[in-house]
Amino acid sequence: MRIVLGVGGGIAAYKVASLLRLFTEAGHDVTVIPTEAATRFVGVATWEALSGHPVSSSVFDAVHTVNHVRLGHEADLIVVAPATADLLARAATGQANDLLTNTLLMASGPVLMAPAMHTEMWRHPATQANVETLRSRGVTVLEPASGRLTGADSGPGRLPEPEAIFEAALALAGAASVPGARPVPSSQPAPSTGPSASAARPLAGLTVTISAGGTREPLDPVRFLGNRSSGKQGVALAVAARDAGARVRLLAAHMEVPAPDGVELVSVETALELRKAALHAAADSDVVIMAAAVADFRPADVSGTKIKKRDDVADPVIALVRNPDILQELVEVRDAASRDQLIVGFAAETGDADGDVLEYAEAKLRRKACDLLVVNQVGKDMVFGEDTNSVIILSRSGTEPQEASGSKSDVAAAVLDRISAELSRVVPPA
Ligand code: CTP
(Lines give C-alpha, C1' and ligand atoms only; values in the text may rest on other atoms or scores of the structure.)
Protein backbone atom coordinates (compact mmCIF):
# COMPACT_ATOMS: atom_id res chain seq x y z
CA MET A 1 0.00 0.00 0.00
CA ARG A 2 1.26 3.49 -0.82
CA ILE A 3 1.04 5.68 2.27
CA VAL A 4 1.69 9.39 2.64
CA LEU A 5 2.72 10.19 6.19
CA GLY A 6 2.17 13.89 6.90
CA VAL A 7 4.00 15.20 9.95
CA GLY A 8 2.89 18.38 11.72
CA GLY A 9 5.04 20.76 13.70
CA GLY A 10 4.66 19.48 17.24
CA ILE A 11 7.00 17.88 19.74
CA ALA A 12 5.20 14.56 19.18
CA ALA A 13 6.79 14.46 15.70
CA TYR A 14 9.58 12.36 17.25
CA LYS A 15 7.09 9.57 18.03
CA VAL A 16 6.12 9.45 14.36
CA ALA A 17 9.50 7.96 13.50
CA SER A 18 8.27 4.77 15.25
CA LEU A 19 4.99 4.95 13.35
CA LEU A 20 6.94 5.18 10.10
CA ARG A 21 8.92 2.08 11.10
CA LEU A 22 5.70 0.17 11.82
CA PHE A 23 4.41 0.98 8.34
CA THR A 24 7.63 0.16 6.49
CA GLU A 25 8.22 -3.05 8.44
CA ALA A 26 4.68 -4.15 7.52
CA GLY A 27 5.74 -3.81 3.87
CA HIS A 28 4.19 -0.45 3.01
CA ASP A 29 5.74 2.17 0.77
CA VAL A 30 5.74 5.41 2.76
CA THR A 31 6.46 8.94 1.59
CA VAL A 32 6.89 11.39 4.44
CA ILE A 33 5.75 14.99 4.03
CA PRO A 34 6.68 17.07 7.06
CA THR A 35 5.53 20.65 7.40
CA GLU A 36 8.24 23.28 7.60
CA ALA A 37 7.65 23.49 11.36
CA ALA A 38 7.92 19.70 11.74
CA THR A 39 11.46 19.76 10.39
CA ARG A 40 12.43 21.88 13.41
CA PHE A 41 11.59 18.90 15.59
CA VAL A 42 12.79 16.03 13.40
CA GLY A 43 15.07 16.71 10.45
CA VAL A 44 14.57 15.75 6.82
CA ALA A 45 17.54 13.35 6.99
CA THR A 46 15.74 11.17 9.56
CA TRP A 47 12.62 10.89 7.42
CA GLU A 48 14.62 10.16 4.27
CA ALA A 49 16.71 7.48 5.96
CA LEU A 50 13.71 5.76 7.54
CA SER A 51 11.43 5.95 4.50
CA GLY A 52 13.98 5.46 1.74
CA HIS A 53 12.42 8.32 -0.25
CA PRO A 54 13.35 11.97 -0.80
CA VAL A 55 11.53 14.26 1.61
CA SER A 56 10.37 17.83 1.14
CA SER A 57 7.92 20.28 2.67
CA SER A 58 7.71 22.55 -0.32
CA VAL A 59 5.83 22.44 -3.59
CA PHE A 60 8.87 23.98 -5.30
CA ASP A 61 11.20 20.97 -4.86
CA ALA A 62 11.35 18.35 -7.64
CA VAL A 63 8.77 20.37 -9.56
CA HIS A 64 9.21 18.18 -12.67
CA THR A 65 7.61 15.24 -10.81
CA VAL A 66 4.52 17.38 -10.01
CA ASN A 67 4.68 16.14 -6.41
CA HIS A 68 1.95 18.45 -5.15
CA VAL A 69 -0.56 16.61 -7.35
CA ARG A 70 0.94 13.16 -7.72
CA LEU A 71 1.54 12.22 -4.07
CA GLY A 72 -2.03 12.73 -2.89
CA HIS A 73 -3.47 11.23 -5.99
CA GLU A 74 -1.40 8.06 -5.83
CA ALA A 75 -1.69 7.45 -2.08
CA ASP A 76 -3.89 4.57 -0.93
CA LEU A 77 -3.93 6.14 2.52
CA ILE A 78 -2.83 9.45 4.06
CA VAL A 79 -1.97 9.57 7.75
CA VAL A 80 -1.23 12.88 9.47
CA ALA A 81 0.51 12.75 12.85
CA PRO A 82 0.79 14.84 14.86
CA ALA A 83 -2.10 16.90 13.47
CA THR A 84 -1.50 20.23 15.17
CA ALA A 85 -4.23 22.84 15.73
CA ASP A 86 -2.73 24.84 12.86
CA LEU A 87 -2.67 21.88 10.49
CA LEU A 88 -6.27 20.92 11.33
CA ALA A 89 -7.31 24.53 10.65
CA ARG A 90 -5.47 24.65 7.33
CA ALA A 91 -6.91 21.30 6.24
CA ALA A 92 -10.44 22.28 7.32
CA THR A 93 -10.30 25.51 5.35
CA GLY A 94 -8.82 23.88 2.26
CA GLN A 95 -5.58 25.83 2.27
CA ALA A 96 -2.79 24.76 -0.07
CA ASN A 97 0.23 26.62 1.24
CA ASP A 98 2.70 23.76 1.48
CA LEU A 99 3.23 20.30 0.05
CA LEU A 100 1.25 18.52 2.78
CA THR A 101 -1.90 20.64 2.45
CA ASN A 102 -1.74 20.36 -1.36
CA THR A 103 -1.51 16.60 -0.95
CA LEU A 104 -4.53 16.55 1.37
CA LEU A 105 -6.55 18.42 -1.25
CA MET A 106 -5.56 15.85 -3.86
CA ALA A 107 -6.33 12.83 -1.65
CA SER A 108 -8.36 10.19 -3.39
CA GLY A 109 -8.11 7.56 -0.63
CA PRO A 110 -8.91 7.57 3.09
CA VAL A 111 -7.34 10.18 5.36
CA LEU A 112 -6.61 9.71 9.05
CA MET A 113 -5.48 12.54 11.30
CA ALA A 114 -4.07 12.00 14.78
CA PRO A 115 -4.22 15.28 16.70
CA ALA A 116 -1.74 16.33 19.37
CA MET A 117 -1.76 19.67 21.15
CA HIS A 118 -2.39 21.22 24.55
CA THR A 119 -5.78 20.50 26.07
CA GLU A 120 -6.93 24.12 25.80
CA MET A 121 -6.13 24.18 22.10
CA TRP A 122 -7.91 20.87 21.54
CA ARG A 123 -11.01 22.01 23.41
CA HIS A 124 -11.08 25.44 21.79
CA PRO A 125 -14.30 25.88 19.80
CA ALA A 126 -12.25 26.81 16.72
CA THR A 127 -10.36 23.50 16.80
CA GLN A 128 -13.51 21.51 17.58
CA ALA A 129 -15.30 23.19 14.65
CA ASN A 130 -12.37 22.30 12.36
CA VAL A 131 -12.46 18.68 13.55
CA GLU A 132 -16.20 18.57 12.96
CA THR A 133 -15.76 19.98 9.45
CA LEU A 134 -13.08 17.44 8.60
CA ARG A 135 -15.14 14.55 10.00
CA SER A 136 -18.20 15.68 8.08
CA ARG A 137 -16.09 15.41 4.92
CA GLY A 138 -15.15 11.83 5.74
CA VAL A 139 -11.73 12.42 7.31
CA THR A 140 -11.09 10.15 10.29
CA VAL A 141 -9.87 12.35 13.12
CA LEU A 142 -8.76 10.27 16.10
CA GLU A 143 -9.42 11.45 19.63
CA PRO A 144 -6.15 12.52 21.30
CA ALA A 145 -4.98 10.41 24.21
CA SER A 146 -5.00 11.81 27.76
CA GLY A 147 -1.91 12.16 29.88
CA ARG A 148 1.19 14.21 30.45
CA LEU A 149 1.69 16.96 27.86
CA THR A 150 4.87 18.86 26.97
CA GLY A 151 4.98 21.10 30.03
CA ALA A 152 3.81 20.36 33.53
CA ASP A 153 0.22 20.10 32.27
CA SER A 154 -1.73 16.96 31.55
CA GLY A 155 -5.11 16.17 29.97
CA PRO A 156 -6.46 15.21 26.55
CA GLY A 157 -4.04 16.25 23.82
CA ARG A 158 -1.34 13.59 23.69
CA LEU A 159 -0.60 11.90 20.41
CA PRO A 160 -2.05 8.37 20.57
CA GLU A 161 0.67 5.71 20.74
CA PRO A 162 2.21 4.83 17.33
CA GLU A 163 0.79 1.28 17.57
CA ALA A 164 -2.74 2.67 18.07
CA ILE A 165 -2.38 5.01 15.07
CA PHE A 166 -0.95 2.13 13.02
CA GLU A 167 -3.92 -0.13 13.87
CA ALA A 168 -6.47 2.62 13.23
CA ALA A 169 -4.83 3.49 9.91
CA LEU A 170 -4.83 -0.09 8.69
CA ALA A 171 -8.39 -0.59 9.87
CA LEU A 172 -9.35 2.55 7.94
CA ALA A 173 -7.63 1.36 4.80
CA GLY A 174 -9.31 -1.96 5.34
CA ALA A 175 -5.97 -3.69 5.46
CA ALA A 176 -5.09 -6.64 7.67
CA SER A 177 -2.74 -5.63 10.43
CA VAL A 178 -0.80 -8.86 10.16
CA PRO A 179 2.89 -7.96 10.50
CA GLY A 180 4.66 -8.62 7.22
CA ALA A 181 1.46 -8.98 5.25
CA ARG A 182 1.03 -6.81 2.18
CA PRO A 183 -2.40 -5.37 2.72
CA VAL A 184 -4.89 -5.33 -0.12
CA PRO A 185 -4.91 -2.10 -2.15
CA SER A 186 -8.64 -1.39 -2.04
CA SER A 187 -10.64 -0.15 0.91
CA GLN A 188 -11.86 -3.68 1.60
CA PRO A 189 -10.53 -5.56 4.62
CA ALA A 190 -7.87 -8.08 3.68
CA PRO A 191 -8.79 -11.72 3.91
CA SER A 192 -7.84 -13.51 7.07
CA THR A 193 -4.77 -15.68 6.83
CA GLY A 194 -6.32 -18.29 9.15
CA PRO A 195 -7.53 -21.68 8.01
CA SER A 196 -11.25 -20.92 7.90
CA ALA A 197 -11.03 -17.35 6.70
CA SER A 198 -14.58 -16.90 5.45
CA ALA A 199 -16.13 -18.58 8.49
CA ALA A 200 -13.98 -16.56 10.87
CA ARG A 201 -14.56 -13.26 9.03
CA PRO A 202 -18.17 -13.39 7.88
CA LEU A 203 -18.37 -9.59 7.71
CA ALA A 204 -15.19 -9.09 5.65
CA GLY A 205 -15.68 -6.34 3.08
CA LEU A 206 -18.62 -4.78 4.94
CA THR A 207 -18.86 -1.48 6.76
CA VAL A 208 -20.71 -1.60 10.07
CA THR A 209 -21.74 1.52 11.97
CA ILE A 210 -22.55 1.06 15.65
CA SER A 211 -23.82 3.68 18.08
CA ALA A 212 -23.06 3.13 21.75
CA GLY A 213 -23.36 4.77 25.16
CA GLY A 214 -25.85 7.31 26.39
CA THR A 215 -26.47 10.80 25.02
CA ARG A 216 -26.23 13.80 27.30
CA GLU A 217 -28.57 16.72 26.79
CA PRO A 218 -27.21 19.97 28.24
CA LEU A 219 -29.22 22.13 30.60
CA ASP A 220 -26.52 24.69 31.25
CA PRO A 221 -22.71 24.67 30.97
CA VAL A 222 -22.34 22.32 33.94
CA ARG A 223 -25.49 20.16 33.95
CA PHE A 224 -27.10 17.69 31.59
CA LEU A 225 -29.89 15.14 31.39
CA GLY A 226 -28.33 11.72 30.87
CA ASN A 227 -29.05 8.05 31.27
CA ARG A 228 -27.43 4.98 32.78
CA SER A 229 -26.07 3.41 29.59
CA SER A 230 -22.44 2.32 30.04
CA GLY A 231 -21.70 1.64 26.36
CA LYS A 232 -20.50 -1.91 27.21
CA GLN A 233 -22.93 -3.68 24.89
CA GLY A 234 -22.18 -1.33 21.98
CA VAL A 235 -18.43 -1.75 22.50
CA ALA A 236 -18.82 -5.56 22.64
CA LEU A 237 -20.66 -5.34 19.31
CA ALA A 238 -17.90 -3.17 17.83
CA VAL A 239 -15.23 -5.68 18.92
CA ALA A 240 -17.23 -8.61 17.55
CA ALA A 241 -17.87 -6.84 14.22
CA ARG A 242 -14.20 -5.83 13.93
CA ASP A 243 -13.10 -9.42 14.64
CA ALA A 244 -15.61 -10.65 12.07
CA GLY A 245 -13.65 -8.65 9.47
CA ALA A 246 -15.87 -5.56 9.17
CA ARG A 247 -14.72 -1.99 8.90
CA VAL A 248 -16.32 -0.60 12.06
CA ARG A 249 -17.39 2.94 12.85
CA LEU A 250 -18.24 3.49 16.48
CA LEU A 251 -20.45 6.50 17.16
CA ALA A 252 -19.74 6.91 20.84
CA ALA A 253 -22.00 8.94 23.10
CA HIS A 254 -20.99 8.99 26.78
CA MET A 255 -19.39 5.63 27.63
CA GLU A 256 -17.90 4.24 30.83
CA VAL A 257 -15.58 1.94 28.91
CA PRO A 258 -12.85 2.86 26.43
CA ALA A 259 -13.40 2.47 22.70
CA PRO A 260 -11.63 -0.60 21.34
CA ASP A 261 -8.64 -0.45 19.00
CA GLY A 262 -9.12 -0.95 15.31
CA VAL A 263 -12.40 0.92 14.95
CA GLU A 264 -13.08 4.40 13.62
CA LEU A 265 -14.27 6.46 16.54
CA VAL A 266 -16.68 9.38 16.25
CA SER A 267 -17.45 10.98 19.61
CA VAL A 268 -20.80 12.64 20.13
CA GLU A 269 -22.58 14.14 23.09
CA THR A 270 -26.20 14.90 22.30
CA ALA A 271 -28.97 13.13 20.38
CA LEU A 272 -28.79 15.80 17.68
CA GLU A 273 -25.03 15.25 17.28
CA LEU A 274 -25.60 11.51 17.12
CA ARG A 275 -28.30 11.97 14.49
CA LYS A 276 -25.94 13.96 12.28
CA ALA A 277 -23.10 11.44 12.70
CA ALA A 278 -25.41 8.46 12.14
CA LEU A 279 -26.98 9.83 8.95
CA HIS A 280 -23.53 10.68 7.63
CA ALA A 281 -22.02 7.29 8.50
CA ALA A 282 -25.04 5.34 7.26
CA ALA A 283 -24.55 6.70 3.75
CA ASP A 284 -21.88 4.09 3.04
CA SER A 285 -22.66 1.43 5.66
CA ASP A 286 -23.90 -2.07 4.99
CA VAL A 287 -25.13 -2.49 8.55
CA VAL A 288 -26.20 0.11 11.13
CA ILE A 289 -26.69 -0.94 14.74
CA MET A 290 -28.32 1.62 17.03
CA ALA A 291 -27.21 0.35 20.44
CA ALA A 292 -26.97 3.84 21.97
CA ALA A 293 -29.45 4.96 24.59
CA VAL A 294 -30.68 8.09 22.87
CA ALA A 295 -32.51 10.69 24.95
CA ASP A 296 -36.06 10.95 23.71
CA PHE A 297 -36.26 14.52 25.01
CA ARG A 298 -33.91 17.46 25.45
CA PRO A 299 -34.32 20.65 27.47
CA ALA A 300 -36.23 23.22 25.41
CA ASP A 301 -33.85 25.94 26.56
CA VAL A 302 -30.15 25.57 27.28
CA SER A 303 -28.86 28.28 29.57
CA GLY A 304 -25.58 29.83 28.44
CA THR A 305 -24.66 30.44 32.05
CA LYS A 306 -24.99 28.27 35.15
CA ILE A 307 -28.56 28.21 36.48
CA LYS A 308 -28.38 29.63 40.03
CA LYS A 309 -30.78 28.98 42.87
CA ARG A 310 -32.36 32.22 43.95
CA ASP A 311 -34.67 33.06 46.81
CA ASP A 312 -36.36 35.89 44.92
CA VAL A 313 -37.64 33.81 41.99
CA ALA A 314 -39.46 30.48 41.73
CA ASP A 315 -37.40 27.31 41.27
CA PRO A 316 -36.95 26.47 37.61
CA VAL A 317 -39.18 24.01 35.78
CA ILE A 318 -37.46 22.18 32.93
CA ALA A 319 -39.48 22.14 29.72
CA LEU A 320 -38.54 19.34 27.31
CA VAL A 321 -38.86 18.97 23.57
CA ARG A 322 -38.84 15.72 21.62
CA ASN A 323 -35.62 14.56 19.94
CA PRO A 324 -35.86 13.10 16.44
CA ASP A 325 -36.06 9.31 16.31
CA ILE A 326 -32.75 8.50 14.64
CA LEU A 327 -33.49 4.82 14.07
CA GLN A 328 -36.75 5.59 12.34
CA GLU A 329 -35.09 8.26 10.21
CA LEU A 330 -32.29 5.87 9.18
CA VAL A 331 -34.91 3.40 7.97
CA GLU A 332 -36.76 6.13 6.05
CA VAL A 333 -33.57 7.36 4.36
CA ARG A 334 -32.52 3.81 3.51
CA ASP A 335 -35.90 3.00 1.99
CA ALA A 336 -36.07 6.27 0.06
CA ALA A 337 -32.65 5.51 -1.45
CA SER A 338 -33.54 1.81 -2.00
CA ARG A 339 -30.23 0.96 -0.34
CA ASP A 340 -29.23 -2.60 0.60
CA GLN A 341 -28.67 -1.98 4.27
CA LEU A 342 -29.53 -3.88 7.41
CA ILE A 343 -30.67 -1.71 10.31
CA VAL A 344 -30.73 -3.03 13.86
CA GLY A 345 -32.46 -1.33 16.77
CA PHE A 346 -32.28 -1.96 20.48
CA ALA A 347 -35.20 -1.70 22.84
CA ALA A 348 -35.07 -1.24 26.56
CA GLU A 349 -38.40 -2.30 28.00
CA THR A 350 -39.70 -2.78 31.51
CA GLY A 351 -43.23 -3.93 30.72
CA ASP A 352 -46.12 -2.56 32.76
CA ALA A 353 -49.78 -3.15 33.55
CA ASP A 354 -50.73 -2.52 29.91
CA GLY A 355 -48.31 -4.95 28.25
CA ASP A 356 -45.35 -7.26 28.81
CA VAL A 357 -41.84 -6.74 27.43
CA LEU A 358 -42.44 -8.77 24.27
CA GLU A 359 -45.72 -7.04 23.42
CA TYR A 360 -44.11 -3.63 23.69
CA ALA A 361 -41.08 -4.82 21.69
CA GLU A 362 -43.19 -6.22 18.85
CA ALA A 363 -45.09 -2.94 18.64
CA LYS A 364 -41.78 -1.06 18.57
CA LEU A 365 -40.41 -3.27 15.78
CA ARG A 366 -43.53 -2.52 13.71
CA ARG A 367 -43.35 1.20 14.49
CA LYS A 368 -39.64 1.68 13.79
CA ALA A 369 -39.61 -0.77 10.85
CA CYS A 370 -35.97 -1.78 11.42
CA ASP A 371 -34.86 -5.26 10.31
CA LEU A 372 -33.87 -6.60 13.72
CA LEU A 373 -34.78 -5.42 17.20
CA VAL A 374 -32.68 -6.57 20.14
CA VAL A 375 -34.87 -6.36 23.20
CA ASN A 376 -33.66 -6.29 26.77
CA GLN A 377 -35.62 -6.01 29.91
CA VAL A 378 -34.50 -3.11 32.02
CA GLY A 379 -35.03 -2.88 35.71
CA LYS A 380 -33.19 -2.36 38.89
CA ASP A 381 -29.67 -3.87 38.61
CA MET A 382 -30.53 -5.29 35.19
CA VAL A 383 -28.55 -4.56 32.05
CA PHE A 384 -27.35 -0.98 32.60
CA GLY A 385 -23.68 -1.03 33.54
CA GLU A 386 -23.69 -4.80 34.16
CA ASP A 387 -21.29 -7.17 32.41
CA THR A 388 -24.04 -9.61 31.47
CA ASN A 389 -27.16 -9.24 29.42
CA SER A 390 -30.18 -11.24 28.36
CA VAL A 391 -31.98 -10.36 25.16
CA ILE A 392 -34.58 -11.49 22.68
CA ILE A 393 -33.81 -10.80 19.01
CA LEU A 394 -36.93 -10.04 16.97
CA SER A 395 -36.84 -9.98 13.19
CA ARG A 396 -39.10 -8.32 10.65
CA SER A 397 -38.39 -11.15 8.23
CA GLY A 398 -40.70 -13.22 10.41
CA THR A 399 -38.16 -15.68 11.82
CA GLU A 400 -38.84 -16.91 15.33
CA PRO A 401 -37.71 -14.65 18.20
CA GLN A 402 -34.33 -15.83 19.43
CA GLU A 403 -33.06 -15.60 23.01
CA ALA A 404 -29.44 -14.90 23.88
CA SER A 405 -27.84 -14.37 27.25
CA GLY A 406 -24.45 -14.39 28.95
CA SER A 407 -21.65 -11.86 28.87
CA LYS A 408 -22.14 -8.81 26.67
CA SER A 409 -19.58 -10.40 24.30
CA ASP A 410 -21.76 -13.55 24.12
CA VAL A 411 -24.80 -11.41 23.33
CA ALA A 412 -22.81 -9.43 20.72
CA ALA A 413 -21.75 -12.69 19.05
CA ALA A 414 -25.37 -13.86 18.91
CA VAL A 415 -26.53 -10.54 17.44
CA LEU A 416 -23.77 -10.63 14.80
CA ASP A 417 -24.56 -14.25 13.94
CA ARG A 418 -28.11 -13.17 13.36
CA ILE A 419 -27.00 -10.19 11.27
CA SER A 420 -24.80 -12.48 9.13
CA ALA A 421 -27.73 -14.83 8.61
CA GLU A 422 -30.02 -11.94 7.60
CA LEU A 423 -27.36 -10.52 5.25
CA SER A 424 -26.86 -13.80 3.47
CA ARG A 425 -30.60 -13.74 2.86
CA VAL A 426 -30.94 -10.13 1.63
CA VAL A 427 -27.55 -9.33 0.05
CA PRO A 428 -26.49 -11.52 -2.86
CA PRO A 429 -22.93 -12.81 -2.37
CA ALA A 430 -20.29 -10.74 -4.23
N1 CTP B 1 -33.54 5.60 19.29
C2 CTP B 1 -33.22 6.53 18.32
N3 CTP B 1 -33.58 7.84 18.48
C4 CTP B 1 -34.26 8.22 19.57
C5 CTP B 1 -34.60 7.28 20.57
C6 CTP B 1 -34.22 5.98 20.40
O7 CTP B 1 -32.60 6.16 17.33
N8 CTP B 1 -34.60 9.49 19.71
C9 CTP B 1 -33.16 4.20 19.06
C10 CTP B 1 -32.28 3.56 20.09
O11 CTP B 1 -30.91 3.67 19.76
C12 CTP B 1 -32.73 2.11 20.04
C13 CTP B 1 -34.20 2.21 19.69
O14 CTP B 1 -34.37 3.48 19.09
O15 CTP B 1 -32.09 1.40 19.01
C16 CTP B 1 -35.18 2.04 20.81
O17 CTP B 1 -35.02 2.98 21.79
P18 CTP B 1 -36.04 3.11 23.04
O19 CTP B 1 -35.60 4.25 23.84
O20 CTP B 1 -36.19 1.79 23.70
O21 CTP B 1 -37.38 3.36 22.26
P22 CTP B 1 -38.34 4.60 22.20
O23 CTP B 1 -38.53 4.94 20.78
O24 CTP B 1 -37.82 5.64 23.09
O25 CTP B 1 -39.72 4.02 22.69
P26 CTP B 1 -40.47 4.20 24.10
O27 CTP B 1 -40.16 5.55 24.59
O28 CTP B 1 -41.87 4.00 23.69
O29 CTP B 1 -39.93 3.10 24.94
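These figures come from a predicted structure and were not determined experimentally.

**Details of the environment of isoleucine 210**
At step 1: Secondary-structure assignment places isoleucine 210 in strand β8 (residues 207-212).
At step 2: Sequence separation between isoleucine 210 and valine 287 is 77 residues, and the spatial gap between their C-alpha atoms is 8.3 Å.
At step 3: For isoleucine 210, the contacting residues outside a window of four places in its chain are Gly234, Leu237, Ala238, Ala241, Val248, Arg249, Leu250, Leu251 and Ile289.

**Focus on the sheet that holds strand β18 (residues 388-395)**
At step 1: With respect to topology, eight strands assemble into an open sheet ordered β12-β11-β8-β13-β16-β17-β18-β19, the strand pairing being mixed. Each having just a single partner strand, β12 (264-267) and β19 (402-407) make up the two edges of the open sheet. Sheet twist, expressed as the average angle between the axes of neighbouring strands with direction ignored, equals 20°.
At step 2: Where β18 meets β19, six bridges bridge the pair, whose relative direction is antiparallel.

**Describing the pattern of salt bridges**
At step 1: In total, this model carries 21 salt bridges according to the counting rule given.
At step 2: We note a salt bridge from aspartate 98 to arginine 90, for which the minimum N-O separation is 3.1 Å. Residues aspartate 98 and arginine 90 agree in their burial class; the two are buried.
At step 3: The shortest N-O distance in the salt bridge between aspartate 243 and arginine 242 comes to 3.0 Å.
At step 4: If you follow the salt bridges from partner to partner, you end up with Arg247, Arg249, Glu264 and Asp284 in one network.

**Some words on the sheet that holds strand β5 (residues 140-141)**
At step 1: Pairing is parallel in the open sheet, where five strands are placed in the order β2-β1-β3-β4-β5. Strands at the two margins of the open sheet, each flanked by one partner only, are β2 (29-34) and β5.
At step 2: Pairing of strand β1 (residues 2-7) with strand β3 (residues 77-83) involves four bridges; the strand directions are parallel. Bridged to isoleucine 3 within β3 is leucine 77.

**Considerations on the domain arrangement of the chain**
At step 1: If you check the domain split of the chain, you get domain 1 (2-176) and domain 2 (193-424).
At step 2: On a C-alpha basis, the centres of domain 1 and domain 2 stand 32 Å from each other.
At step 3: With nine residues of domain 1 at the contact, the number on the domain 2 side is seven residues.
At step 4: Across the interface of domain 1 and domain 2, roughly 780 Å² is buried in total on both sides, 54% from carbon and sulfur atoms.
At step 5: Joining domain 1 to domain 2, the criterion identifies one salt bridge.
At step 6: For lysine 276, the salt bridge identified is with glutamate 132, shortest N-O distance 2.9 Å.

**Quick look at the nonpolar core**
At step 1: Within the largest apolar cluster, 37 residues are counted, with the highest numbers of intra-cluster contacts made by Leu203, Ile210, Leu250, Ile289 and Ile419.
At step 2: Elements that contribute at least two residues to this core include exactly β8, α10 (232-243), β11 (247-252), β13 (287-290), β16 (342-349), β17 (372-377), β18 and α14 (408-426).
At step 3: With seven residues, α14 is the largest single contributor of residues to this core.
At step 4: Residue contacts for leucine 203: discarding those within four places in its chain leaves Val208, Ala241, Ala244, Gly245, Ala246, Leu416, Ser420 and Leu423.
At step 5: Residues Ala17, Ala114, Ile165 and Leu172 belong to the second largest nonpolar core, which totals 33 residues.

**A look at the site of the ligand**
At step 1: In the neighbourhood of the ligand, 16 residues make up the surrounding shell, with Met290, Asp296, Phe346, Lys364 and Lys368 lying closest.
At step 2: Here an oxygen atom of the ligand sits 2.6 Å away from a polar atom, N or O, in the side chain of aspartate 296.
At step 3: Between the ligand and alanine 348 there is a distance of 3.3 Å, counted from an oxygen atom to a backbone nitrogen or oxygen.
At step 4: Contact with the protein chains hides 79% of the accessible area of the ligand, taken as 580 Å² for the molecule alone.
At step 5: Judged by the proximity of its atoms to the pocket grid, the ligand belongs to the second largest pocket.
At step 6: When contributions to the shell around the ligand are tallied by element, the ones reaching two or more residues are α12 (326-336), β16 and α13 (357-368).
At step 7: Here the residues of the shell around the ligand are counted per class, giving 10 nonpolar, one polar and five charged.

**Some points on helix α8 (residues 162-173)**
At step 1: Between its first and last C-alpha, α8 extends 16 Å over 12 residues, near the 16 Å set by a 1.5 Å rise per residue.
At step 2: Of all the positions in α8, only Pro162, Ile165, Phe166, Ala168, Ala169, Leu170, Leu172 and Ala173 are classed as buried.
At step 3: Directly after α8, the chain includes glycine 174, whose backbone phi takes a positive value near 75°.

**Section: the layout of surface pockets**
At step 1: Estimated volume of the second largest pocket: approximately 950 Å³.
At step 2: If you trace the second largest pocket, you find 38 residues lining it, with Ala292, Ala293, Val294, Phe346 and Ala348 closest to the centre.
At step 3: Sorting the residues of the lining of the second largest pocket by element identifies α10, α12, β16 and α13 as the ones contributing at least two each.
At step 4: Partitioning the lining of the second largest pocket into residue classes produces 17 nonpolar, 13 polar and eight charged.

**Quick notes on helix α7 (residues 125-136)**
At step 1: A rise of 1.5 Å per residue sets the reference length of α7, with its 12 residues, at 16 Å; its end C-alpha atoms lie 16 Å apart and thus fit the reference within 8%.
At step 2: Every buried residue belonging to α7 is among Thr127, Asn130, Val131, Leu134 and Arg135, and all of these are buried. Taken end-on, α7 shows its buried residues confined to a sector of 135°, consistent with a single buried face.
At step 3: In this structure, the buried side of α7 is in contact with α4 (85-92), β4 (111-115), α6 (119-123), β5, β12 and α11 (271-282).
At step 4: Two residues or fewer after α7 comes glycine 138, characterised by a positive phi angle close to 95°.

What counts, and where the lines are drawn
- Residues numbered from 1 in each chain as written.
- Predicted model: local features only at pLDDT ≥ 70, side-chain atom pairs only at ≥ 80, totals over all residues.
- Heavy atoms only, no water.
- Helix = DSSP H or I, 4+ residues; strand = E, 2+ residues; numbered from the N terminus.
- Contact = heavy atoms within 4.5 Å.
- Pairing = 2+ DSSP bridges.
- Axes fitted to C-alpha atoms, helices over the stretch in contact; angles between N-to-C directions.
- Salt bridge = Lys/Arg side-chain N within 4 Å of Asp/Glu carboxyl O.
- Buried < 20%, exposed > 50% of the residue type's maximum accessible area, 1.4 Å probe, protein only.
- Domains from an automatic or database assignment.
- Buried area = accessible area lost by both parts, 1.4 Å probe.
- Core = buried A, V, L, I, M, F, W, Y, C linked by side-chain atoms within 4.5 Å.
- Near = heavy atom within 4 Å.
- Polar contact = N/O pair within 3.5 Å; in protein donor to acceptor, adjacent residues only side chain to side chain.
- Areas by Shrake-Rupley, 256 points an atom, 1.4 Å probe, with all protein chains shown as cover.
- 1 Å grid on protein atoms, 1.4 Å probe; cavity = no way out; pocket = protein on both sides within 12 Å on 5 of 7 lines; lining within 4 Å.
- Sits in = over half its atoms within 2 Å of the grid points.
- Nonpolar A, V, L, I, M, F, W, Y, C, P; charged D, E, K, R; others polar.
- Expected span 1.5 Å × (residues − 1).
- Points joined across faces, edges and corners; volume = space filled by probe spheres on them.
- Arc of directions from axis to C-beta.

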